[in-house]
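# Architecture at a glance
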Amino acid sequence: DAGVTQSPTHLIKTRGQHVTLRCSPISGHKSVSWYQQVLGQGPQFIFQYYEKEERGRGNFPDRFSARQFPNYSSELNVNALLLGDSALYLCASSYQSFGTDTQYFGPGTRLTVL
Amino acid sequence: AQSVTQLDSQVPVFEEAPVELRCNYSSSVSVYLFWYVQYPNQGLQLLLKYLSGSTLVESINGFEAEFNKSQTSFHLRKPSVHISDTAEYFCAVSDRGDNQGGKLIFGQGTELSVKP
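The shown structure was predicted, so the numbers you read here are calculated from the model rather than taken from an experiment. (Residues numbered from 1 in each chain as written. Chains lettered and ligands numbered in written order. Predicted model: local features only at pLDDT ≥ 70, side-chain atom pairs only at ≥ 80, totals over all residues. Heavy atoms only, no water.)

## Points about the sheet that holds strand 3 (residues 19-24) of chain A
Residue and element names in this part refer to chain A. The strand order across the open sheet formed by four strands is 1-3-8-7, and the pairing between neighbours is antiparallel. Each of the sheet's edge strands pairs with one partner strand only, and the pair in question is strand 1 (5-7) and strand 7 (64-68). For this sheet, the mean angle separating the axes of adjacent strands, direction not counted, is 15°. (Pairing = 2+ DSSP bridges. Helix = DSSP H or I, 4+ residues; strand = E, 2+ residues; numbered from the N terminus. Axes fitted to C-alpha atoms, helices over the stretch in contact; angles between N-to-C directions.)

This is how it looks when you write it as structure tokens:
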């Protein structure tokens, strides 16, 4: 079975632009979470979605939004990009949204904001 | 708020030597604990996890971690490391009482560098 896939792999944007990142979970998984990993730091939780509903939101500004589709894939949108948004954005999928569930991570999307 | 501290940002070690990567968490409430490994230019892979029961958990590639509730620690150990163990290691917790389900809180990471 395919693992978690993310697109694009790399992205370069300029300040003020908008970006959309995409994630396809492992087949059968109903939950998708998004994390931001700044260089040299651990991942930080942004959102979790389960059955198309938001189940959790981290401490990120309203410029960050996400949604989950009926096929359980997900998009992360970031508006009005800042230099500080440059990071590796990781998507993780799990069967459900419980704390005991193992989260399987994709390879990430590397976003560079110039 | 829950937090995770990995006490060493870098750990250099020679091949076949033992290693311990230290992790402490802040919460006094019950938590689930995880260790993830990240190889260069890749996403995170689960190494092992503690949910309940035996405080010693093992991975298939020789790593083990021990949950110590009194010291709020979950240190990762391996008795003999290989070159292929070179990677970044992240400790993470999720709060059992957190209604945000599977939200993971990560430490800053420990870079393990195994030298021949």
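Here the narrative resumes, following the displayed structure.
## Some remarks on the nonpolar core
Nonpolar side chains in soluble globular proteins generally cluster together in the buried interior. Among the nonpolar cores identified, the biggest contains 27 residues, and Leu33(B), Trp35(B), Leu47(B), Leu48(B), Phe74(B), Leu76(B) and Tyr89(B) are the most heavily contacted of them. With residues near it in sequence (within four places) discarded, Leu47(B) still touches Trp35(B), Tyr36(B), Val37(B), Ser59(B), Asn61(B), Phe63(B), Leu76(B) and Tyr89(B). In this structure, Val4(A), Phe64(A), Leu81(A) and Leu111(A) belong to the second largest nonpolar core, which totals 22 residues. (Core = buried A, V, L, I, M, F, W, Y, C linked by side-chain atoms within 4.5 Å. Buried < 20%, exposed > 50% of the residue type's maximum accessible area, 1.4 Å probe, protein only. Contact = heavy atoms within 4.5 Å.)

## Some remarks on the environment of Thr110(B)
Residue and element names in this part refer to chain B. With respect to the helices and strands, the residue threonine 110 is situated in strand 12 (residues 110-115). Classification of threonine 110 as buried rests on a relative accessible area of 1%. With 102 residues separating them along the chain, threonine 110 and aspartate 8 place their C-alpha atoms 5.9 Å apart. In contact with threonine 110, not counting residues within four places along its chain, are Gln6, Asp8, Ser9, Val11, Leu21, Ala87, Glu88 and Tyr89.

## Regarding the pairing of strand 8 (residues 64-68) of chain B
Residues and elements named next belong to chain B. Side chains Ala65 and Phe67 project from strand 8 onto a buried face, and the interleaved Glu64, Glu66 and Asn68 project onto a face without burial. Between strand 7 (residues 56-58) and strand 8, which pair antiparallel in sequence order, lie five residues; one of them, glycine 62, sits at a positive phi of approximately 95°. As paired strands, strand 8 and strand 9 (residues 73-78) are joined by five bridges and run antiparallel to one another. In the strand pairing of strand 9, phenylalanine 67 is matched with phenylalanine 74. As consecutive antiparallel partners, strand 8 and strand 9 are separated by four residues, and within that stretch threonine 72 has a phi angle of approximately 40°, a positive value.

## Quick look at the interface of chain B and chain A
Residue-level contacts link 21 residues of chain B with 22 residues of chain A. Taken over both partners, the interface formed by chain B and chain A buries close to 1,600 Å², and the fraction arising from carbon and sulfur atoms is 54%. The tally of links between chain B and chain A comes to zero salt bridges. The interface formed by chain B and chain A includes four residue pairs in polar contact (both at pLDDT 80 or more). Of all the elements in the fold, those that place two or more residues in the side of chain B that touches chain A are strand 5 (31-38), strand 6 (44-50) and strand 10 (87-95) of chain B. Of the residues in the side of chain B that touches chain A, the class split is nine nonpolar, 10 polar and two charged. (Buried area = accessible area lost by both parts, 1.4 Å probe. Salt bridge = Lys/Arg side-chain N within 4 Å of Asp/Glu carboxyl O. Polar contact = N/O pair within 3.5 Å; in protein donor to acceptor, adjacent residues only side chain to side chain. Nonpolar A, V, L, I, M, F, W, Y, C, P; charged D, E, K, R; others polar.)

## Things to note about the pairing of strand 2 (residues 10-14) of chain B
Residue and element names in this part refer to chain B. On strand 2, burial follows the alternation: Val11 and Val13 on one face are buried, whereas Gln10, Pro12 and Phe14 on the facing-out side are not. Two elements, strand 2 and strand 12, share five bridges in a ladder whose sense is parallel. Residue pairing for strand 12: phenylalanine 14 is matched across the bridge by lysine 115.

## Quick word on the state of the cysteines
All names here are of chain A. The full count for this structure, using the stated rule, is two disulfides over all chains. The disulfide bridge from cysteine 23 ends at cysteine 91, spanning 1.8 Å between sulfur atoms. Looking along the S-S bond of the cysteine 23-cysteine 91 disulfide, the torsion reads about -60°, which is the left-handed sense. One end of the pair, cysteine 23, is in strand 3; the other, cysteine 91, is in strand 9 (residues 87-94), and 68 residues separate them in sequence. When its relative accessible area of 2% is taken as the criterion, cysteine 23 is described as buried. Its relative accessible area of 0% is what places cysteine 91 among the buried residues. (Disulfide = S-S within 2.5 Å.)

## Regarding the packing of aromatic side chains
For the coordinates displayed, the defined rule picks out 12 aromatic pairs over all chains. Taking 6.2 Å as the distance between ring centres and 55° as the angle between the ring planes, the aromatic pair formed by Phe47(A) and Tyr49(A) counts as tilted. Centroid distance Phe60(A) to Phe64(A): 5.1 Å. Interplanar angle 65°. Geometry classified as edge-to-face. Considered together, Phe60(A) and Phe64(A) belong to a single accessibility category, that of buried residues. Three or more aromatic residues joined by ring pairs make a cluster, and in this case those are Tyr35(A), Phe45(A), Phe105(A), Phe34(B), Tyr36(B), Phe90(B) and Phe106(B). (Phe/Tyr/Trp six-rings, centres within 6.5 Å; stacked < 30°, edge-to-face > 60°.)

## Some thoughts on the side chain of Thr20(A)
Residues and elements named next belong to chain A. The topology assignment puts threonine 20 in strand 3. Owing to a relative accessible area of 18%, threonine 20 belongs among the buried residues under this scheme. A distance of 2.7 Å separates the side chain of threonine 20 from the side chain of asparagine 77, its partner in a polar contact. Residues within four places of threonine 20 in sequence aside, it is in contact with Pro8, Glu75, Leu76 and Asn77.

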